[in-house]
Amino acid sequence: MSDLNTLYKQQVLAHNKNPQNYGEPAHWTHHAEGLNAICGDQVHVYLTIEEDVIKAAHFAGDSCAISMASASMMTELVTGQSIFEALHLFAAFKQMMSDEGLAEAKEVLGPVACLVSVKKFPARIKSALLCWYTLNAAINGQPTATTE
Amino acid sequence: MSDLNTLYKQQVLAHNKNPQNYGEPAHWTHHAEGLNAICGDQVHVYLTIEEDVIKAAHFAGDSCAISMASASMMTELVTGQSIFEALHLFAAFKQMMSDEGLAEAKEVLGPVACLVSVKKFPARIKSALLCWYTLNAAINGQPTATTE
Amino acid sequence: MLREAFPCLHQQVNGKDLVYFDNAATAMRPQVVIDAVNDYYCRHNANIHRGVHCLSGRATDLYEQARASLARLIHAPSPDNLIFVRGCTEAVNLVAQTFVRERLKPGDEILISHLEHHSNIVPWQILCQQTGAKLKVIPMNDRGELVLDELDTLMNERTKFMSVIHVSNALGTINPVKELIAKAHAKDIPVLVDGAQSTPHLKVDVQDLDCDFYTVSGHKMYGPTGSGVLYGKATHLEAMPPYHGGGEMISKVTFEETVYNKVPAKFEAGTPNIAGGIGLGAAAEFMLDVGLEAIAQREDHLKQYTEQALKTIPGLRILGEASQKSPVFSFLIDGIHPHDIGTIIDHHGVAIRTGHHCTMPIFQFFDVPGSCRASLAFYNTEHEVDILVESLNQAKAMFS
Amino acid sequence: MLREAFPCLHQQVNGKDLVYFDNAATAMRPQVVIDAVNDYYCRHNANIHRGVHCLSGRATDLYEQARASLARLIHAPSPDNLIFVRGCTEAVNLVAQTFVRERLKPGDEILISHLEHHSNIVPWQILCQQTGAKLKVIPMNDRGELVLDELDTLMNERTKFMSVIHVSNALGTINPVKELIAKAHAKDIPVLVDGAQSTPHLKVDVQDLDCDFYTVSGHKMYGPTGSGVLYGKATHLEAMPPYHGGGEMISKVTFEETVYNKVPAKFEAGTPNIAGGIGLGAAAEFMLDVGLEAIAQREDHLKQYTEQALKTIPGLRILGEASQKSPVFSFLIDGIHPHDIGTIIDHHGVAIRTGHHCTMPIFQFFDVPGSCRASLAFYNTEHEVDILVESLNQAKAMFS
Ligand SMILES: Cc1ncc(COP(=O)(O)O)c(C=O)c1O
Ligand SMILES: Cc1ncc(COP(=O)(O)O)c(C=O)c1O
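Residues numbered from 1 in each chain as written. Chains lettered and ligands numbered in written order. Predicted model: local features only at pLDDT ≥ 70, side-chain atom pairs only at ≥ 80, totals over all residues. Heavy atoms only, no water.

Caption draft 1: Region of interest: the interface of chain B and chain C. The interface of chain B with chain C comprises 7 residues on the first partner and 10 residues on the second. Contact between chain B and chain C buries roughly 680 Å² in total, counting both sides, with carbon and sulfur atoms accounting for 58%. Along the contact surface separating chain B from chain C lie 1 salt bridge. As a salt-bridge pair, K252(C) and E33(B) come within 3.7 Å of each other at their nearest N and O atoms. For the pair chain B and chain C, the number of links is 0 residue pairs in polar contact (both at pLDDT 80 or more). When its residues are assigned to classes, the side of chain B that touches chain C shows 4 nonpolar, no polar and 3 charged. (Contact = heavy atoms within 4.5 Å. Buried area = accessible area lost by both parts, 1.4 Å probe. Salt bridge = Lys/Arg side-chain N within 4 Å of Asp/Glu carboxyl O. Polar contact = N/O pair within 3.5 Å; in protein donor to acceptor, adjacent residues only side chain to side chain. Nonpolar A, V, L, I, M, F, W, Y, C, P; charged D, E, K, R; others polar.)

Caption draft 2: Spatial organisation of the packing of aromatic side chains. Per the counting criterion, the structure on display carries 38 aromatic pairs over all chains. Seen from their ring centres, F90(B) and Y133(B) are 5.2 Å apart, and the 80 degrees between their planes marks the pair as edge-to-face. Residue F90(B) is located in helix 4 (residues 83-97), and its partner Y133(B) is located in helix 6 (residues 125-139); the two are separated by 43 residues in the primary sequence. A relative accessible area of 6% means that F90(B) is categorised as buried. Relative to F161(C), the ring of W124(C) has its centre 5.4 Å away and its plane inclined at 35 degrees; by these criteria the two rings are tilted. Here the residue W124(C) occupies a position in helix 4 (residues 122-131), and F161(C) occupies one in strand 7 (residues 159-165), the gap between them amounting to 37 residues. You'll find W124(C) and F161(C) in the same group, each marked buried. (Phe/Tyr/Trp six-rings, centres within 6.5 Å; stacked < 30°, edge-to-face > 60°. Helix = DSSP H or I, 4+ residues; strand = E, 2+ residues; numbered from the N terminus. Buried < 20%, exposed > 50% of the residue type's maximum accessible area, 1.4 Å probe, protein only.)

Caption draft 3: Structural view of the domain arrangement of chain C. Residues and elements named next belong to chain C. Parsing chain C into structural domains produces domain 1 (2-22 + 291-399) and domain 2 (32-289). Each of domain 1 and domain 2 was reduced to a C-alpha centroid, and the two centroids are 28 Å apart. Every contact between the two is made by 34 residues of domain 1 and, on the other side, 30 residues of domain 2. Taking both partners together, domain 1 and domain 2 bury about 2700 Å²; carbon and sulfur atoms supply 64% of that area. Contact with domain 2 buries area across many residues of domain 1, yet L292, I362 and F365 alone supply 23% of it, more than any other trio. Our enumeration of links across domain 1 and domain 2 arrives at 0 salt bridges. (Domains from an automatic or database assignment.)

Caption draft 4: Spotlight on the environment of P264(C). Residues and elements named next belong to chain C. Topologically, P264 is positioned in the loop between strand 12 (258-260) and helix 9 (274-290). Sequence separation of P264 and L82 is 182 residues, and the distance between their C-alpha atoms is 6.7 Å. Among residues more than four places away in sequence, those in contact with P264 are R67, D80, L82 and I83.

Caption draft 5: Inspection of the site of ligand 2 at higher detail. Around ligand 2, the structure places 15 residues, and the nearest of them are T271(C), T89(D), D194(D), S217(D) and K220(D). Among the chains of the assembly, those with residues near ligand 2 are chains C and D. In this structure, an oxygen atom belonging to ligand 2 sits 2.9 Å away from a main-chain N or O atom of C88(D). Within the side chain of S217(D), a nitrogen or oxygen atom sits 2.7 Å from an oxygen atom of ligand 2. Protein contact buries 98% of the 390 Å² of open area that ligand 2 shows by itself. Classifying every residue of the shell around ligand 2 by side-chain character gives 3 nonpolar, 10 polar and 2 charged. (Near = heavy atom within 4 Å. Areas by Shrake-Rupley, 256 points an atom, 1.4 Å probe, with all protein chains shown as cover.)

Caption draft 6: How the structure looks around the relation of the copies chain D and chain C. The two copies are related by a screw operation: chain D maps onto chain C through 180 degrees of rotation and 0.0 Å of translation along the axis, at an RMSD of 0.0 Å. Here the copies are linked by what is in effect a two-fold axis. Counting the interface residues of chain D, we find that 100% of their copies in chain C are interface residues as well, pointing to one common contact surface. (Least-squares fit on C-alpha atoms with pLDDT ≥ 70 in both.)

Caption draft 7: The sheet that holds strand 14 (residues 328-333) of chain D, seen in detail. Residue and element names in this part refer to chain D. As summarised here, the arrangement of the 4 strands in space is 13-14-17-16, forming an open sheet in which the pairing is antiparallel. Both outer strands of the open sheet, strand 13 (316-319) and strand 16 (353-355), are each paired with one neighbouring strand and no more. Across the sheet, the mean angle separating the axes of adjacent strands is 30 degrees when strand polarity is ignored. Pairing of strand 13 with strand 14 involves 4 bridges; the strand directions are antiparallel. Each residue of the ladder has a partner; that of I318, found in strand 14, is F331. (Pairing = 2+ DSSP bridges. Axes fitted to C-alpha atoms, helices over the stretch in contact; angles between N-to-C directions.)

Caption draft 8: Spatial organisation of the site of ligand 1. In the vicinity of ligand 1 lie 15 residues, with T89(C), D194(C), S217(C), K220(C) and T271(D) positioned nearest. Looking at the residues close to ligand 1, they fall on chains C and D. Here an oxygen atom of ligand 1 and a side-chain polar atom of Q197(C) are 2.7 Å apart. Separating an oxygen atom of ligand 1 from a side-chain N or O atom of H219(C) is a distance of 2.9 Å. Within the complex, 98% of the 390 Å² of free accessible area of ligand 1 lies under protein. Grouping the amino acids of the shell around ligand 1 by side-chain chemistry returns 3 nonpolar, 10 polar and 2 charged.

Caption draft 9: How the structure looks around helix 4 (residues 83-97) of chain A. Residue and element names in this part refer to chain A. Over its 15 residues, helix 4 runs 21 Å from end to end, which matches the ideal 21 Å to within 8%, given 1.5 Å per residue. Along helix 4, the positions that sit buried rather than exposed are I83, A86, L89, F90, A92, F93, M96 and M97. Next to the buried residues of helix 4 lie strand 2 (41-50), strand 3 (53-60), helix 3 (65-78), helix 5 (103-109) and helix 6 (125-139). (Expected span 1.5 Å × (residues − 1).)

Caption draft 10: Quick peek at the nonpolar core. By size, the foremost hydrophobic cluster in this structure holds 161 residues, and its most contacted members are M162(C), M221(C), I138(D), M162(D) and M221(D). Those residues in contact with I138(D) that sit more than four places away from it in its chain are L111(D), I112(D), S113(D), H114(D), L146(D), V147(D), L148(D), L151(D), L154(D), M162(D), V164(D) and L180(D). (Core = buried A, V, L, I, M, F, W, Y, C linked by side-chain atoms within 4.5 Å.)

Caption draft 11: Molecular detail of the pattern of salt bridges. Counted under the stated rule, the structure contains 48 salt bridges over all chains. Here R67(C) ties to E64(C) by a salt bridge, and the two come within 2.8 Å at their closest N and O atoms. Of the two residues, R67(C) and E64(C) both sit in helix 2 (residues 54-74), 3 residues apart, roughly one turn of that helix. When its relative accessible area of 2% is taken as the criterion, R67(C) is described as buried. Given a relative accessible area of 27%, E64(C) falls into the partly exposed group. E109(D) is the salt-bridge partner of R158(D), the closest N and O atoms lying 2.9 Å from each other. Separated by 49 residues along the polypeptide, R158(D) in the loop between helix 5 (151-154) and strand 7 (159-165) and E109(D) in strand 5 (residues 109-113) bring together distant segments of the chain. The class for R158(D) is partly exposed, based on a relative accessible area of 36%.

This is the structure in structure tokens:
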């Protein structure tokens, strides 16, 4: 059971219960919908981008705890960052979740790095990644994203 | 090898070498083409039918020894028979080649009954049957036949 | 005991005894099926229908005997009514493209139900795009049953085909297909029945149903993957153009003209899944040996036991409570996403499916993104159900 | 010894040691392939891509690893270039219907060759009927080689697609496909190569060939029946509409609208032949382990030995004497129909194929109804060739 507890660790359960930046905001400039057909995860990412800076990031959707926590943490992390930085964080997150999982990626990601334990559950990695792919799509003006 | 010798018995080899009624005749009233797609056997049957009697029966085509011998013997057997009798012989031949293989069928068929040994070679039964199906098609005014 | 016949059931996952409740996704295979596949590769390895040599004869006989076994299982008039296919998905696409396509004009309608699996929705959507026809849907109610009130309007002179699921893979609902077929036939509408989830559990009689087409998925009925059959009425199969072009489905080819082979060969272009077909025949014989009645009874008992057991869990909601249903349970637990439940109980050795189960419209109806689904088969046990319940309680504890 | 790896070779038929020379119809499977299939059913039995539970994860990984093995075998840029199919026949039909169909107007032309298998003729004839396009044929000569003199006329502005066989199953001819592809591409004509008979014997590099599509038949390359892959260039696969509708190939379904999944899932509707795909991956790994060079060399040696041996038989005529060929021998013996030869030598334990080998136009060219075909693989032996020759001499004696 210890593996399970590292997956559903305190931070994850807390973010799942009280997700940050949750719900469609009244105003936004960029939006994309992420779908994980296979799991049924769905996430909307709403960004307010001004002069290449993400002024606000929100998300909505009905997803599992991993996906909720990941999105919640992500929106916290990217708020106030430049687009360039956000894309860099996306790359870092993907790197962390990949086989190599570079140490530096973890450093950059701060609290989000706690999701590294999802890697022990290969079937769930996509849940953690979905919001990031959706962020990337929103920034790039694509309406939909998937991790597959 | 004894099985093989009952398949390729004297009569069969003789008919194969010197097929009777072979070649397209100058005149005929009924014709059909038989095809065994799977083996590549092909046989044409040409009949001259007058007042419901088969005055002449010929065949042509490029087939294996079993098929050639069967067609050669068949044309000999049905020449001079009524259509009704020919269809009866067809039924008898099919019966002989089926699992039950009735004894009476054999009696009716005379020399043709020697083909009963083909039954030991299930893959070859269709070769023996093809000309008979084609005869049946020709009588019934159908252009093509197959045993499959 | 019957359970012993299924080797894959007897293993541990994540340190716990495996509880396999994902039978609606794919069933386990009994040793006789595995052996039939193995024997083909180890003893009768040859292509079929085309050889005079010994192995080819043996392989052909085994393959055609399998077709006969399947015909017996679903009570088809003849083995020639059955076309070997990869599974139900291919079967539906085949019928859509070869039987239905040429009957459609723009504005015509195809009728399906709200309970369909994607494989009985998307082929018709594609066909509608190709022809300008429209897709109509028999609605369902809160219990997951079809609502037949408006059938008279739904079946009209524009309706050119109906395709309905026999047993829902998502909710377990057993549909009154015989009644639906009779109503459709009264209006000259041909009917396909998706039998993916019926043949593993129920006695199916295609002649009694009088369906025009019936689809069987091998891997759902204890047979090999990549196997299945499409049943069709002989007159339809005769009239239909072929689907795939290739070897075996022809009787003569020239560059100018090609003559097609007889049914069912006409629809079986290329080398088929020979081992799969033979294994599927073994699965049919296995089911007939166990007894279709015995299977149905055992599963009915398991269904009742499971329903009772699940209802002991506070906050658990079962989706789909049709009066006629098979041992399939879609459920939700307050405050825990299905996906998380799946992961947690997998750590207790319990395999269920989570998500939309290839039936998104059903979950759009219930306005949830998906569910947990426990789908049972006759070889499951009451003890396994108890473990499921216990593991669900643990999941709740974890998220409380 | 390598031969030991193939269990089905070691048996007697009709009281004689089996000599299996029907490899072009379907190959034997090594134990590793049989084990891979068996292991899936006995240990990893689950559906793929859709489950969070342990077995489903294992099955998915095995299936996707198999795709990667196949990509390595034919040197595809990525596993995503490969679509799992039942075999070459399905692959050609898929490309005809999804890639070529929408590019054709009446009067357009599709170019094939005289050496094609029915599975690379009939799908195009069907497509021509559907669209009003015309089928054009690259001619062949007496040696069974393609005649490329008129290519400049055959490839013209009406030519919308070319589909050619890499290695002839009937005559063994190895076609200069790289050259043909280059010429076609110079005129913007996309090309499919039928690789059914190449992958079992030759090193294939789809990137070096630069073909647009390449088809692989699992059962011909020591893999399971009902398995195969279609390679396609990524840009094509992206642009093509889906083939079958169903589960797995969608990312979102409502009754109003459906969004398709990414490549390759877009083309893999329904539950695939999971065991078959995994077994095919094992076959690819087996071949890579044995070494594609080693296989080619061994077969080249066997080819020369067989050719010498057959030429000792008076009255035996070999059809197809291309300078580049694989160990396939079509032959005739004066005065004995191929069918009779097949039966007689089967009684000596020798399995060959007789008939038209699904290539009727080739035999129309030679004006014979068919041939005997002995097709070898690397696990055959010189001793087996000697037995073939002896049994052919006995057939001659019987008919003399
Ligand atoms: C009800 C239903 N129909 C169709 C299918 C598709 O069947 P197959 O996997 O044989 O293509 C399934 C299985 O996923 C199913 O449950
Ligand atoms: C050259 C060639 N192409 C295509 C095919 C058809 O392949 P499959 O049996 O995989 O459908 C075959 C095999 O019969 C073949 O030899």
